[in-house]
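Examination of the molecular architecture
Chain by chain, the residues run as shown.
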Protein chains: 2
Amino acid sequence: MSDLSGVKALVFDVFGTVVDWRTSLINDFTRWGEARGIKADWTALVDGWRAVYAASMDEVRKNPQNGYVILDVLHRRSLEKLVAQFDIKGLSEADLQHLTLGWHRLHGWPDSVAGLTRLKTKYIISPLSNGNVALLTNMAKFAGLPWDLVMSAELFEHYKPDPETYLGAAKLLCLPPDQVMMVAAHNYDLKHAQKLGLKTAFVARPTEYGPLQKYDFEATGEWDIVAKDFGEIASRMGC
Amino acid sequence: MSDLSGVKALVFDVFGTVVDWRTSLINDFTRWGEARGIKADWTALVDGWRAVYAASMDEVRKNPQNGYVILDVLHRRSLEKLVAQFDIKGLSEADLQHLTLGWHRLHGWPDSVAGLTRLKTKYIISPLSNGNVALLTNMAKFAGLPWDLVMSAELFEHYKPDPETYLGAAKLLCLPPDQVMMVAAHNYDLKHAQKLGLKTAFVARPTEYGPLQKYDFEATGEWDIVAKDFGEIASRMGC
């Protein structure tokens, strides 16, 4: 058992770890599409959108001369390509904006709000997400996520898993890395955090990608905590 | 009456506007000094500390080659000079740290938490303060300030009233400046915000500086709202 008594802050991956982006978006777009009279395979659109997520951030990483580009803008660019590819007809500018801001309207997993609320009584809790500040702020209000502050890749102008994000979060909190615990449903995120000295907690979200889920069914590293949900993390952290 | 129906977020000056730094620090240090057996004129120390606040930030502004320096560090540097000047004896390194972190342990004015809680139901609420992120985060937990996110001069590496702070806050929120309202007890802060297109709300805090208060007893500009407390701002904003 590693010593977690020095931990002062927990920082959370958000998409997949705190919120169920896939179910939220599919339900949101299906209802909206019916009301708006737009026909499309919304499930395929959502899965396709997420499938190009990593590549869209790599573009920013490979082209620093173009400056940092926030996730809302990357989402919008990817959406336009997918709409053409899936041949979805009749979308106005306002519709494209509405779909893009779907990423601000995501619901937490059933245990998220209760677990965060418990953790907040003893620790600083913050997202540490590739979502931009406005996205994370709007999502927190929509889903009732009780963050103490909002930390985003945008603040560091680097996307995870660049080290600037994990170390930047610790620096903003004026804490050494080993007093910060990264919480994620993704082993790769924890691997990068651990390498830089942060503590780590894994929570499995085996339905994140629906039938497309290929990995992260279980912990594949030596994480400080491996839990079934945020409630168990709160218990392990003495809340 | 200016049209405030487009406002989506309220950003708050903190020291003096949200929290009563002077009474909080004097009480904290007086109790602590008695328990610790350190004799000093704590009121004079607190007033002297705040008196050098603006000059300490100007030093950062004038010496950009030295990089940005967070307020915790400026507070500590000023404290060391004042301790020598006031000839306070017997302070250890831990004591100096405890006093510096006094700025993290400030109480809200009696109307602050209730007013913010009402405003949070309809608007994004955030500090926009020269305090660093950790200071503002710790203070929010200590005083129960229910911020949606924490915006600090530290994020922009510029102290207010540099334009980078006001415009940087609007940019992080993905809002045009006129959808953001600056709330402050200091007319100069609102003057700079208004010049950049932000909406403005003034609340008088006539006891902020105790018997030393010289100005800001009332609004001296054409602010969108002039209120006696945060409750009145909430009412004016339809909360």
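Residues numbered from 1 in each chain as written. Chains lettered and ligands numbered in written order. Predicted model: local features only at pLDDT ≥ 70, side-chain atom pairs only at ≥ 80, totals over all residues. Heavy atoms only, no water.

Describing the domain arrangement of chain A
Residue and element names in this part refer to chain A. By the assigned domains, chain A splits into domain 1 (9-20 + 107-236) and domain 2 (21-104). For domain 1 versus domain 2, the distance between C-alpha centres works out to 23 Å. Across the boundary between the two partners, domain 1 contributes 26 residues, which contact 19 residues of domain 2. Both faces combined, the contact of domain 1 with domain 2 buries some 1900 Å², and carbon together with sulfur accounts for 55% of it. Linking domain 1 with domain 2 are two salt bridges. A salt bridge links Arg50 to Glu208; the shortest N-O distance between them is 3.9 Å. (Domains from an automatic or database assignment. Contact = heavy atoms within 4.5 Å. Buried area = accessible area lost by both parts, 1.4 Å probe. Salt bridge = Lys/Arg side-chain N within 4 Å of Asp/Glu carboxyl O.)

Some remarks on the nonpolar core
Core analysis: the biggest nonpolar cluster contains 163 residues, and A:Ile233 and B:Ile233 have the highest contact counts within it. Not counting residues up to four positions away in its chain, the partners in contact with A:Ile233 are A:Leu10, A:Leu119, A:Val183, A:Ala201, A:Val203, A:Ile225 and A:Ala227. (Core = buried A, V, L, I, M, F, W, Y, C linked by side-chain atoms within 4.5 Å. Buried < 20%, exposed > 50% of the residue type's maximum accessible area, 1.4 Å probe, protein only.)

With respect to the pattern of salt bridges
All names here are of chain A. According to the stated counting rule, one finds 28 salt bridges over all chains in the structure shown. Among the ionic pairs, Arg61 bridges to Asp162, the shortest N-O distance being 3.0 Å. Placement of Arg61 in helix H3 (residues 53-62) and of Asp162 in the loop between helix H8 (153-156) and helix H9 (163-172) is noted, with a sequence separation of 101 residues between them. Exposure remark for Asp162: the relative accessible area of 15% places this residue in the buried category. Because the salt bridges share partners, they merge into one network encompassing Asp13, Lys160 and Asp189. (Helix = DSSP H or I, 4+ residues; strand = E, 2+ residues; numbered from the N terminus.)

What about the sheet that holds strand E3 (residues 151-152) of chain A?
Residue and element names in this part refer to chain A. If you walk across this open sheet you meet the six strands as E3-E2-E1-E4-E5-E6, and the pairing is parallel. Strands at the two margins of the open sheet, each flanked by one partner only, are E3 and strand E6 (225-227). When strand E5 (residues 199-203) meets E6, the two strands line up parallel, connected through three bridges. The partner of Phe202 across the bridge, within E6, is Val226. (Pairing = 2+ DSSP bridges.)

Description of the relation of the copies chain B and chain A
Mapping chain B onto chain A calls for a screw motion: a turn of 180° about the axis and a shift of 0.0 Å along it, with 0.0 Å RMSD after fitting. These values place the two chain copies in the arrangement generated by a two-fold rotation axis. Minimal C-alpha distance to the rotation axis in chain B is attained by B:Leu149, lying at 2.2 Å. Taken as a fraction of all interface residues of chain B, those also at the interface in chain A reach 100%, which identifies the copy contact as same-surface. (Least-squares fit on C-alpha atoms with pLDDT ≥ 70 in both.)

Regarding helix H2 (residues 42-51) of chain B
Residues and elements named next belong to chain B. Of all 10 residues making up H2, seven are buried, and the element is well covered by its neighbours. Taken residue by residue, H2 has Trp42, Leu45, Val46, Asp47, Gly48, Trp49 and Arg50 as its buried positions. Elements in contact with the buried residues of H2: helix H1 (21-36), helix H3 (53-62), helix H4 (71-85) and helix H5 (93-100).

Notes on the interface of chain B and chain A
Counting residues at the interface gives 20 residues for chain B and 20 residues for chain A. Buried surface at the junction of chain B and chain A, summed over both partners, amounts to about 1600 Å²; 66% is from carbon and sulfur atoms. Taken together, the connections running from chain B to chain A amount to eight residue pairs in polar contact (both at pLDDT 80 or more). Contributions of two or more residues to the side of chain B that touches chain A are made by helix H7 (133-143) and helix H8 (153-156) of chain B. Here the element with the most residues in the side of chain B that touches chain A is H7(B); it accounts for five residues. In terms of residue class, the side of chain B that touches chain A is built from 12 nonpolar, three polar and five charged. (Polar contact = N/O pair within 3.5 Å; in protein donor to acceptor, adjacent residues only side chain to side chain. Nonpolar A, V, L, I, M, F, W, Y, C, P; charged D, E, K, R; others polar.)

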